[in-house]
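Architecture and fold: a report
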Number of protein chains: 2
Amino acid sequence: MEIVDLSTLPDSEVRYTEFLRQICEKHDMDHAAYAGMNPAAGTVAGFVTYDDAWNEHYQKQGLIMIDPTIHMARRSIAPVDWSRLERSPDFQRVFRDAHDFGLPSQGVTIPIRGPYGDIGLLSATRNCSKEEWRKLYTNFIGDLQAMAVHIHDNVVSSDQLTGALYHPTLSSREAEILQWVAAGKSQQDIGDILSISHRTVEVHLRSSREKLSALTTPQAVGRAIAIGLITPG
Amino acid sequence: MEIVDLSTLPDSEVRYTEFLRQICEKHDMDHAAYAGMNPAAGTVAGFVTYDDAWNEHYQKQGLIMIDPTIHMARRSIAPVDWSRLERSPDFQRVFRDAHDFGLPSQGVTIPIRGPYGDIGLLSATRNCSKEEWRKLYTNFIGDLQAMAVHIHDNVVSSDQLTGALYHPTLSSREAEILQWVAAGKSQQDIGDILSISHRTVEVHLRSSREKLSALTTPQAVGRAIAIGLITPG
DNA sequence: TTTTCTATTGGGGGATTCCCGTATTTTGGC
DNA sequence: GCCAAAATACGGGAATCCCCCAATAGAAAA
């Protein structure tokens, strides 16, 4: 097994779809798709090997809003075998359409999460009998898992690195205090913890809000978590 | 390859360490360890195949606080090969001790994140040459990835406190209001927007906090964003 | 060196949030 | 249908937060 190092390839859009195509080849898949969501930047990146016709239909019909593979995978740790969703009405809605475009309704979606709330979904489909699918599943799932990590890691780090320049930086004290706030501590608590006045805590909090262009502390905490300056407590 | 279904085995503590032992056997590893952290519940679950002597030393010396493999993996998407940390002073501190207990300083830690801020770390160590390690790496990393997902998924869903937190659903009104809070609106603002009393807004906010097991609104917003119930505003 | 800027620390007082109640409507289980 | 639980809605008063003010130490710029 060989993992192509994505970071050595030239252009992003092309190299990601090419990477997906390689995954298909290696495991005899019909199609592969990746969707990466970065709540910090509010961006969604998608790369697919599907035909343009299906992509357009998918977009136009707003199928992403009801696609159960996405909803399920967003809330799951483990890979989601689409067969588990077969009885969902939304599934039938989406895959009846998919079938018209010649796409198989057999596949798996692997969720990958980064430390900053970012989520990547790698899906792969293959048209074969259920027995065959089941038999192959345990063989390729580990590799797909590694592929999903690889592509997601590359997408977000290239995205966040560029985005990092536009994001504010908190002083260590500010980040420290905001982290305690995110952990549910009151200003008085934090003052006691850090052995400073709760007034001082508030000033740091205020400058944190200003740096994050937040109107309120909850908004500041939300942004700081989304950006990755602090972690949810 | 065969994945032993953890949920079918009897007792938790035993079955997890047994699972780790099987991982070791399959991939010729010396030791394996899993640590699962649930920041929301504040719980940490750990299972290891190390000797008790090392465990005790590790605990007693508070090595978990400085262990760079943990710190690094907590912030990473991809597996962390320990060789990347060799020059860290903390690494040398921890693994000088480890060496005294006969543990190899070659290993990898795989981070797995769930949708609710929970993190699982699966580590595996093996005493061999660097060349051999490198050569084997691409072979077992995919499988280890799948194993990490499997064990973390099981631990998290069997943890009762987590289980409760794991499916927090906000009512539409609660999510709507929390979303406005994350957008920096005050309770009065939100009341005006939704044409209800700001008192009512506060009640929904309170039940949101309770459902998210949050002590404060900022903490609730942070968690809701981390979970994906709302988006940063 | 002097100036300027930022990080840090602190107080008073008004605004906001939060905890304590209550009540009506909707939902879900038996 | 009935009852329990949750969702929705509102208010008083205490606790907390947030905006105004000022001050010092240290770093960077002049």
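Residues numbered from 1 in each chain as written. Chains lettered and ligands numbered in written order. Predicted model: local features only at pLDDT ≥ 70, side-chain atom pairs only at ≥ 80, totals over all residues. Heavy atoms only, no water.

1. Topic: empty space enclosed by the protein
Applying the stated criterion across every chain, the model contains two cavities of 30 Å³ or more. In this model, the second largest cavity occupies a volume close to 90 Å³. Around the second largest cavity, the lining residues are I77, P111, I112, R113, Q145 and V149 of chain A together with I77, P111, I112, R113, Q145 and V149 of chain B. Residue classes in the lining of the second largest cavity are distributed as eight nonpolar, two polar and two charged. (1 Å grid on protein atoms, 1.4 Å probe; cavity = no way out; pocket = protein on both sides within 12 Å on 5 of 7 lines; lining within 4 Å. Points joined across faces, edges and corners; volume = space filled by probe spheres on them. Nonpolar A, V, L, I, M, F, W, Y, C, P; charged D, E, K, R; others polar.)

2. Comments concerning the pairing of strand β4 (residues 107-113) of chain B
All names here are of chain B. Counting buried positions over the seven residues of β4 gives seven, a clear majority of the element. Residues G107, T109, P111 and R113 point to one face of β4 and V108, I110 and I112 to the other, with burial holding for every one of them. Pairing between strand β3 (residues 80-81) and β4: two bridges, direction antiparallel. The residue of β4 that forms the bridge with V80 is T109. Inspection of the sheet shows β4 paired to strand β5 (residues 119-125) by seven bridges, in the antiparallel sense. Bridge pairing in β5 places G107 opposite T125. (Buried < 20%, exposed > 50% of the residue type's maximum accessible area, 1.4 Å probe, protein only. Helix = DSSP H or I, 4+ residues; strand = E, 2+ residues; numbered from the N terminus. Pairing = 2+ DSSP bridges.)

3. Considerations on the interface of chain B and chain A
Counting residues at the interface gives 42 residues for chain B, matched by 37 residues for chain A. Of the roughly 3,200 Å² buried at the junction of chain B and chain A (both faces included), carbon and sulfur atoms supply 66%. Broken down residue by residue, the surface that chain B buries against chain A is led by I77, R113 and P218 of chain B, which jointly contribute 19%. Between the two partners, chain B and chain A, sit zero salt bridges. Looking at the side of chain B that touches chain A, the elements with two or more residues in it are β4, α6 (130-158), α8 (172-182) and α11 (217-227) of chain B. The biggest single contributor to the side of chain B that touches chain A is α6 of chain B, with nine residues. (Contact = heavy atoms within 4.5 Å. Buried area = accessible area lost by both parts, 1.4 Å probe. Salt bridge = Lys/Arg side-chain N within 4 Å of Asp/Glu carboxyl O.)

4. Some points on the pattern of salt bridges
A full pass over the atoms with the stated rule returns 20 salt bridges over all chains. For R209 of chain A, the salt bridge goes to E202 of chain A, with nearest N and O atoms at 3.5 Å. The partner of E86 of chain B in a salt bridge is K130 of chain B, and the shortest N-O contact between them spans 3.4 Å. Remark: K130 of chain B occurs in helix α6 and E86 of chain B occurs in the loop between β3 and α5 (89-100); sequence separation between them is 44 residues. The partly exposed category is assigned to E86 of chain B, whose relative accessible area is 30%. Via salt bridges that share partners, R93, R96 and D97 of chain A belong to a single interconnected network.

Everything listed here is a matter of coordinates, which is why it stays silent on function.
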